[in-house]
Every structure is written in structure tokens, then in C-alpha cells.
Amino acid sequence: MKNSTDKPTLSVISQGCAANFGEGEKIARLFDNEFNVTFGLPKEGLEPAAFILNVCTVKGNSTALKLLREAKAIAPQATFFVTGCAPRDLQEEVRKLFEDVRFTSLNELSKERTSQETLILKPGTVLRESPLVGIVNIEEGCLDACAYCSTRLVKGRLRSFSAESIVEQVQRLVSDGCIEIQLTGQDCGCYGFDFAGNSRAEFPAQNLAELVQQILVKVPGDYRIRLGMGNPRHIKSYLEPLMECFQDDRVYKFIHLPVQSGSEHVLQLMNRKHTAKDYLELANEFNKRFSLFTLSTDLIVGFPGESDQDFKDTLNILQETHPTVCNITRFVSRPGTVASRLEPIVPDTVKHSRSAELAAAFQAIATENNARWIGQTERVTVEKAGYRQGTIIARNDAYRPVALSEGLQPIKTGTRLQVKITAAEPFALIGSIV
């Protein structure tokens, strides 16, 4: 963030996934020479000249509309741009409320300024939200056409960025003080699949595992890589090389494999292209190879046509694979998607009942998983202040949050500590500084 008083202020606010936040940072860099760029809703007394709202509508339009109203209340005379996952129905809603909002995209904004892949490579400090975390978008779009997904309507088909440009970005970020690198995209699992037939001799990376190995070889330093979401059907095609990546201490022992349902019938309705068995085999392999591994997944309940047995299958796969992180979502129909036309519709009362049962089962599993860490001595990195007064949150090498008492002296973010895990909760470990 710059403090120059001779430039107007631009506020960039992102919602949703890491890929969206990564694109928000790229957009901010486009305007860095012309504006004092800030991230997030501005503090009291500051009225930006312009806002770029990088929105998420995966679960509906309400959060995007709320953000727009909040920003309008702060600076009603500002210029407003909306980017991110903004499908047609959101645009129609916004235009009914506000006439002066422009919808755009990272690609549109970057056309006359610079190449999207080189935005991060400008001389000097790399502009970003966190001084310690570097978000690197490795691709945009995907190779799937899930029946419920509105993101693909906005982002389109897969376009992987060159391994050379990604390695350069990571080098710059690590040199600039980042100790965590997040590789992200709509589906990191299919990174490089659109490179078929291209030689790329100097930086051969035809999949995520090859890309990670390129980074590990070419970027020395004490940092950690967190891999973004990868769909099971892609990950299984290069599982062994990916497993080798996790042998390096610089790769968090964490993977996000969204299964969405444990029912083969529902997965077919969703057009997911993988089977429940595919996910089960991958999850079991990661759990077997690494004793204290963080498996993350996503589950949707109440998809049109989901029967009681289909839900039981989802509950069963949760209990069989024991993920430590699980995003449970009640199905929300998105206009323009195939799923918006499917029947029979599951009543809201049933959706709420099923999601509550699934959440209770997951919390018990997560508590059990986290309890396995009790007694372990871990090297952790301080991430931020905790929600409870006098506490801080750190991350261990499996990307598990560890809550610590700060003590008499404040501990700076980025500090490495040795801690002993003393207790466990569903969503965090509890530790004490050794």
C-alpha cells in the first residue's frame, strides 16, 4: 500500500476463492502507477475515487450485492467496476439498482496495459494484500462442465500460464519476503493439459506435479507451497509424481480434492466426470502415504434428484475417507446452468436437515483427526492474530491452524516457532510455545 498524497485512492476488494484474490492482486498492479491502491473496505474517513469489486457468486448473488451496497454507502460518488465471477443474472440485478456500475474483467483491464502473465514482474516491491503470502494464478478456466457451476460460464475453457512465467513469479515473491506461495486456479488439477503438442523444452511442465518440481528446483529458500484445488479425475493421471512433490518439506502436506457427492447417481447428474470410487482411492492413498496429512474436500447436499440413499452414500464416503477440512454446501440453483432445470427439487427443509447431519459427522471426524496431533512438537509459522483476545494463529507443515497464547510480548507474523500440540478442536489445534 502506498501513502502518496498526490494520487487518488483505488480500493480493490476480492471475495471467494484464492484464485479470485490472486486475480484481484493482478488487477491492483495494473493501476499501481496511477492510484494509491488499498485492499478491502476502506477505513473510516477514507473515500476512494474508485472501487474494483472482484466478486464471488458461487453460492448466489447476495454477498456480491451486499459488498456493492457497502462500498456505495462509503463513497457514493466513486467510480465502480465489478469483476470476478459475475454472471449475467448478477449484472441484471446490479443494473436495476445502480446505473453507474461497469462490469469488466482482468483480461479487459490488462489489454491496453501489459501482458497478464507479466503483471507481477514489474521492478520493485510486488504489490499484494499480505506481505507473507504470494498468490500465483497458474491457470484460468477448466476442462469440465459441472451441471451446477456458474463459474465456468464466466471463466471459460482452460488456459494454463507458462511454467516459465510462474517460476519467475515465485522467484520474485520469495525474494520479496513471501514465506507461503499459493498456487491457485479454477482447477489446478488440469494445469498444463492444454499444452499438448507444445515443446516448452526449457520449462517442461505438462501437469501440476511437473510445475511444482520446476519451482522446487529453480527457487531455493525457506518457504512453503500450498497447492490449490484439483479435481480427482485429473489428479489420478499423475498421482505418483505428485506424491514425490510432497516428500519435499517446502510443500504443505495438504490437498484439496472436491468430491461433491458420495453417490455415483448424483455425480452423473452433476456431470462431474469422476466417480466416488476415484475419490475414495485417492483419499485412501494420501492417508496411507502420509500419517498426518490434511485432506480437504467439498460436498453438496440437496442436489436435484438426491434421494435418501444418495445422501447416505455421501455420509458414508465422508466417514470412510476422514477429511480434516470439508466445505459443506446446500445446493443453490444458479441461472443458466443445467442444474437449474433439473427435477425433482429437494425441499429446503430436507437440505437443512441433511447438511446439519453431515456437518455433525464431519466435526466429529475433524476432532478425531486433530487429536492425533496431541503430543507432537511442531515447527509452525505465525500467520495472524487469533479471534480470541491474546491468541495468535500459526500454521504447521500440514497447513493445520494452531492456536497459541501470545504471552507478554507480541509475536510478529512470519515468525517461526517450535510448539507442542496440547489439545484439539474440530477446526484448529491448540499448542504451547516450547
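Here, the structure is the one placed above.
Residues numbered from 1 in each chain as written. Predicted model: local features only at pLDDT ≥ 70, side-chain atom pairs only at ≥ 80, totals over all residues. Heavy atoms only, no water.

**Q** For this particular structure, what's the right way to read the sheet that holds strand S2 (residues 36–39)?
**A** Within a sheet, each strand pairs with its neighbour through backbone hydrogen bonds, oriented either parallel or antiparallel. Taken in spatial order, the five strands make up an open sheet running S2-S1-S3-S4-S5, and their pairing is parallel. Looking at strand neighbours, the two that pair on one side only are S2 and strand S5 (101–103), the edges of this open sheet. In this sheet, neighbouring strand axes are inclined to one another by 20° on average, regardless of whether the strands run parallel or antiparallel. As paired elements, strand S1 (residues 9–14) and S2 share four bridges and run parallel to each other. Bridge pairing in S2 places Ser-11 opposite Thr-38. Taken strand by strand, helix H3 (residues 88–97) contacts strand S3 (50–55) and S5, and its axis lies near 165° from that of S5. (Pairing = 2+ DSSP bridges. Helix = DSSP H or I, 4+ residues; strand = E, 2+ residues; numbered from the N terminus. Axes fitted to C-alpha atoms, helices over the stretch in contact; angles between N-to-C directions. Contact = heavy atoms within 4.5 Å.)

**Q** What's the story with the environment of Gln-389 in this structure? I'm lost.
**A** Topologically, Gln-389 is positioned in the loop between strand S14 (377–385) and strand S15 (391–395). Taking relative accessible area as the criterion, Gln-389 reaches 83% and is therefore assigned exposed. Gln-389 sits 129 residues away from Gln-260 along the chain, and the two C-alpha atoms are 36 Å apart. (Buried < 20%, exposed > 50% of the residue type's maximum accessible area, 1.4 Å probe, protein only.)

**Q** For this particular structure, what's the right way to read the packing of aromatic side chains?
**A** Aromatic ring pairs are defined here through the distance separating the ring centres and the angle between the ring planes. All chains considered together, the criterion is met by 14 aromatic pairs. Relative to Phe-195, the ring of Tyr-191 lies with its centre 5.8 Å away and its plane at 85°, an arrangement referred to as edge-to-face. Just as Tyr-191 is buried, Phe-195 falls in that class too. Consider the rings of Phe-303 and Phe-331, whose centres lie 5.2 Å apart with planes at 70°: the pair is edge-to-face. With Phe-303 in the loop between strand S12 (294–301) and helix H12 (308–321) and Phe-331 in the loop between strand S13 (325–330) and helix H13 (348–371), this residue pair connects regions lying 28 residues apart in the sequence. Aromatic ring contacts, followed pair by pair, group Phe-246, Phe-286, Phe-290 and Phe-293 into a single cluster. The positively charged end of Arg-395 is found above the aromatic ring belonging to Tyr-399, 4.1 Å away from the centroid. (Phe/Tyr/Trp six-rings, centres within 6.5 Å; stacked < 30°, edge-to-face > 60°. Lys NZ or Arg CZ within 6 Å of the ring centre and 35° of its normal.)

**Q** Would you mind showing me how to read the state of the cysteines here?
**A** Each disulfide consists of one covalent bond between the sulfur atoms belonging to two cysteines. All told, the structure shown has zero disulfides when counted by the stated rule. For Cys-142, which is in no disulfide, the shortest distance to another cysteine sulfur is to Cys-149 and amounts to 6.4 Å. Residue class for Cys-142 comes out buried when judged on its relative accessible area of 14%. Counting only cysteine sulfurs, Cys-146 is the nearest neighbor of Cys-149, a cysteine outside any disulfide, at a range of 6.1 Å. (Disulfide = S-S within 2.5 Å.)

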